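The primary structure of each chain is shown beneath.
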Amino acid sequence: MSLLLPEAGLVFWMLIAFGIVFLILRKYGFPAITSMIDERRKFIDDALRSAKEANEKLAAIEEQGRAILDNAREEQTRILREAAATREQLIKEAHARAEIETGKMLAETRRIIEQEKKEALDDIRAQVAELSLGIAEKIVRKELAGDESQREYAGKLLDEAITERENRQ
Amino acid sequence: MKCLLTILCSLMLLFHGNTAMAASHGQSGGSVDVKKIIFEHVKDSYEWHIATVGGTHVSIPLPLIVYSERTGWEVFSSAVFHEQDEYKGFRISRTGDYEGKLVESDAMGNEKRPILDISITKTVLSVFLNCILLVAIVLCTARWYRRRKPGDAAPGGFVGVMEMIITMVVDDLIKPNIGKNYRRYVPYLLTAFFFIFLSNLMGLVPIFPGGANVTGNIAVTFVLAFCTFIAVNVFGNREYYKEVFWPDVPTWLKFPLPLMPVIELFGVFVKPFALTIRLFANILAGHAVLLAFVSLIFITMAVNEYIGSAMTVVSVMFTVFMNFLELLVAFIQAFVFTMLSAVFIGLSQPEHHGS
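Residues numbered from 1 in each chain as written. Chains lettered and ligands numbered in written order. Predicted model: local features only at pLDDT ≥ 70, side-chain atom pairs only at ≥ 80, totals over all residues.

**Points about the overall build of chain B**
Move 1: Per the secondary structure count, chain B includes 10 helices and 9 strands.
Move 2: Across its three principal axes, chain B shows a C-alpha extent of roughly 75 × 60 × 45 Å.
Move 3: For chain B, buried positions account for 35% of its 355 residues.
Move 4: The long-range share in chain B, meaning contacts at least 24 apart out of those at least 6 apart in sequence, stands at 62%. (Helix = DSSP H or I, 4+ residues; strand = E, 2+ residues; numbered from the N terminus. Buried ≥ 20, exposed ≤ 12 C-beta atoms within 10 Å, placed from the backbone. Contact = placed C-beta atoms within 7 Å.)

What follows is the structure, encoded as structure tokens:
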């Protein structure tokens, strides 16, 4: 039965030894370890949390960038469309102006041509009258002396002849 | 690791074999007294027997410190009993209630124990060695942590194992069982856990610094349980004492006959008693079974050499198996002691009802 009875001397030494060990470890041993483990746990938690925050921030920034890009793209299409419209208009205007200018020039040219033609016709008429007179003079010199009434008659005949020709045309 | 275990096991066999052989030499007729072998091992002794080589006992003599009303304080080495049976009226009893203990004779000629016997016995020395080892291990681990910052890499190797065990004990045993005030009890429970675990493991090492039956000695487990008792009852809050002396039961159960308070008060002392017996009995049984398996060889060998040889193989296999089992038990018992201590401490910190 002595196995079941605690021996006083052993209890005494065990109390002392275990007490000393407990005091040493309580002061220098376990708190250092457990507090460091707790701190490390906190450190890891903090690191994880800040990493998550950074990720969220990054996502927000990316979102923002995408929004800016979208805006820029819209702006670009708008500007391009406007430019195209402006170009069209410019071309149209230029066309219009060119047409007007051409019209003007054509009218001027026509007028000059008309004038030239008229001048040329007058000239030709004068020359033809002169030539006709010359011819008629030569033909009738013998029988007719140079007479004013006859020259008028010849002019009248020439006018008729020209009018007939114009009517024919 | 496996290789190491094999070596340990074979050394253990060798050692126990020597013990058994030595015991068998002392027996007449060649029969083996297994009970004697086992009891010699599991009980405390005044010298540390290491081996018996060629009939010579190799043992470490230990100092005896006694106080007797006859002689006063006496300090002497246990080696004196190698030469003579009696020294200054003290002798080691061979039979009776005090078998193996230091006794003196009273006036009637009967054996009686001296008033105080605080000798450094085998178990005491083993406790000291285990304590030194424990302090060294924990302080080395603590030094690693002191030299680092929280942001540094986690430890590997031995410190990593220590951290793993400490984290396991704190997070799985202490925190859930005690509750929000757990921090105050962490150093005590960790000290108890590592002391028991280390002592259990050292008890499985068959050669000198180990092999002693420390946690299988009721005085050691009694002290451990007593510390838990103090942790529970000294730091218990008002709610706890109200539950003990004026529990929440119908009044006729506590007045005029204090039925429930008596039961509760009984429970206060039963709890550490259960702790004491559980650890003591488990480790004692482990040592006894291991020795019994080894002794099996010598019993059968004494009957018949052929059966003995065959039995050796079986016995060695059983012993190896038991050693592995004891490694498991070493951990489980430390775990259970710490867990129950934490549970009892947690019971002494009840939360306010209705909160």
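**With respect to the overall build of chain A**
Move 1: Assigned secondary structure in chain A consists of 2 helices and 0 strands.
Move 2: Over its C-alpha trace chain A gives a radius of gyration of 63 Å, far above what one expects of a compact globule, namely 15 Å for 169 residues.
Move 3: Counting only C-alpha atoms and orienting by the principal axes, one finds that chain A spans roughly 195 × 25 × 15 Å.
Move 4: A total of 169 residues make up chain A; the buried ones form 9% of that total. (Rg over C-alpha atoms; globule rule 2.2 N^0.38 Å.)

**Concerning the domain arrangement of chain B**
Move 1: Domain annotation for chain B reports domain 1 (63-117) and domain 2 (122-347).
Move 2: Centre-to-centre, using C-alpha coordinates, domain 1 of chain B lies 33 Å away from domain 2 of chain B. (Domains from an automatic or database assignment.)

**Re unusual backbone geometry**
Residues and elements named next belong to chain B.
Move 1: Positive phi, close to 50 degrees, is recorded for Lys 88, a residue that is not glycine.
Move 2: Topologically, Lys 88 is positioned in the loop between strand 5 (86-87) and strand 6 (90-92).
Move 3: In this structure Lys 88 comes out as partly exposed when scored by C-beta crowding, with 13 C-beta atoms within 10 Å.

**Observations concerning the packing of helix 9 (residues 259-303) of chain B against helix 10 (residues 305-347) of chain B**
All names here are of chain B.
Move 1: Following both chains from N to C, one finds helix 9 and helix 10 inclined at 175 degrees, their axes separated by 8 Å at the closest point. One element, helix 9, and the other, helix 10, form an angle in the roughly antiparallel class.
Move 2: Its residues placed into classes, the contact of helix 9 with helix 10 shows 20 nonpolar, 10 polar and 4 charged. (Axes fitted to C-alpha atoms, helices over the stretch in contact; angles between N-to-C directions. Parallel < 35°, antiparallel > 145°, perpendicular 65-115°, else oblique. Nonpolar A, V, L, I, M, F, W, Y, C, P; charged D, E, K, R; others polar.)

**Quick look at the packing of helix 1 (residues 8-140) of chain A against helix 4 (residues 122-146) of chain B**
Move 1: Contact geometry of helix 1 of chain A with helix 4 of chain B gives a least axis separation of 8 Å together with a crossing angle of 10 degrees. What the angle tells us is that helix 1 of chain A and helix 4 of chain B run roughly parallel.
Move 2: Considering only residue class, the contact of helix 1 of chain A with helix 4 of chain B consists of 22 nonpolar, 3 polar and 1 charged.

**Things to note about the nonpolar core**
Move 1: The biggest cluster of nonpolar side chains holds 64 residues, and the ones touching the most others in it are Met 14 of chain A together with Ile 174, Leu 189, Ala 192, Phe 193 and Ile 196 of chain B.
Move 2: For this core, the secondary structure elements donating two or more residues are helix 1 of chain A together with helix 4, helix 5 (157-178), helix 6 (186-204), helix 7 (218-234), helix 9 and helix 10 of chain B.
Move 3: Here this core gets 13 residues from one element, more than from any other, and that element is helix 6 of chain B.
Move 4: Excluding residues within four positions of it along the chain, Met 14 of chain A makes contact with Val 127, Ala 219, Val 220 and Val 223 of chain B.
Move 5: Within the second largest apolar cluster, 11 residues are counted, among which are Ile 37, Ile 38, Phe 298 and Met 322 of chain B. (Core = buried A, V, L, I, M, F, W, Y, C linked by C-beta atoms within 7 Å.)

**A short note on helix 7 of chain B**
Move 1: Relative to the 24 Å expected for 17 residues at 1.5 Å per residue, helix 7 of chain B spans 23 Å between its end C-alpha atoms, a close match to the ideal helical length.
Move 2: Of all 17 residues in helix 7 of chain B, 13 are buried, a share of seventy percent or more. (Expected span 1.5 Å × (residues − 1).)

**Focus: the sheet that holds strand 5 of chain B**
Move 1: Spatially, the 4 strands line up as an open sheet ordered 5-6-7-8 (chain B), and their pairing is antiparallel. Looking along the sheet, the strands with just one partner apiece sit at the ends: strand 5 and strand 8 (111-112) of chain B. (Pairing = 2+ DSSP bridges.)

**Some remarks on the interface of chain A and chain B**
Move 1: Contacts between the two partners involve 32 residues from chain A and, on the opposite side, 40 residues from chain B.
Move 2: Here the residues of the side of chain A that touches chain B are counted per class, giving 24 nonpolar, 4 polar and 4 charged.

**Brief notes about the pairing of strand 4 (residues 72-77) of chain B**
Residues and elements named next belong to chain B.
Move 1: For strand 4, the tally of buried residues reaches only 0 of 6 residues, placing the bulk of the element at the surface.
Move 2: Looking at chain direction, strand 3 (residues 63-68) and strand 4 are connected through 6 bridges and run antiparallel. Of the residues in strand 4, the one forming a bridge with Leu 64 is Phe 76.
Move 3: In this antiparallel pair of consecutive strands, strand 3 and strand 4, the connection spans 3 residues.

**Notes on helix 4 of chain B**
An α-helical turn contains 3.6 residues, so any two residues separated by three or four positions project in the same direction.
Move 1: In a regular helix each residue adds 1.5 Å, so 25 residues correspond to 36 Å; helix 4 of chain B covers 36 Å between its end C-alpha atoms and thus fits that length.
Move 2: Taken as a whole, helix 4 of chain B has its buried residues at Lys 122, Thr 123, Val 124, Ser 126, Val 127, Asn 130, Cys 131, Leu 134, Val 138, Thr 141, Ala 142 and Tyr 145 of chain B.
Move 3: Here the buried face of helix 4 of chain B lies against helix 1 of chain A together with strand 1 (47-53), helix 5, helix 6 and helix 7 of chain B.

**Considerations on the sheet that holds strand 3 of chain B**
Residues and elements named next belong to chain B.
Move 1: Spatially, 3 strands are ordered 4-3-9 in an open sheet, and the strand pairing comes out antiparallel. Because the sheet does not close on itself, it has two edges, and the strands there are strand 4 and strand 9 (116-117).
Move 2: As paired strands, strand 3 and strand 9 are joined by 2 bridges and run antiparallel to one another. Along strand 9, the bridge assignment pairs Val 66 with Asp 117.

**So, the confidence of the model for chain B**
Residue and element names in this part refer to chain B.
Move 1: Summary statistics for chain B give a mean pLDDT of 84 and a share of 90% for residues scoring 70 or more.
Move 2: For chain B, per-element mean pLDDT is lowest for helix 1 (residues 2-26), which scores 49, and highest for helix 6, which scores 94.
Move 3: Counting contacts from residues 16-29, a segment whose pLDDT is below 50, to residues more than four positions away or on other chains yields 25 contacts.
Move 4: With pTM at 0.75, the complex prediction returns an ipTM value of 0.85. (pLDDT = per-residue confidence, 0-100.)

**Section: the environment of Val 320 of chain B**
Move 1: One can find Val 320 of chain B in helix 10.
Move 2: By C-beta crowding, Val 320 of chain B is classed as partly exposed, having 17 other C-beta atoms within 10 Å.

**Looking at the environment of Leu 296 of chain B**
Move 1: The topology assignment puts Leu 296 of chain B in helix 9.
Move 2: Apart from residues lying up to four places away in sequence, Leu 296 of chain B is in contact with Met 311 and Ser 315 of chain B.

**Looking at the environment of Ile 61 of chain A**
Move 1: Considering the arrangement of structural elements, one finds Ile 61 of chain A in helix 1.
Move 2: Sequence-wise, Ile 61 of chain A and Asp 46 of chain A are 15 residues apart; in three dimensions their C-alpha atoms are separated by 22 Å.

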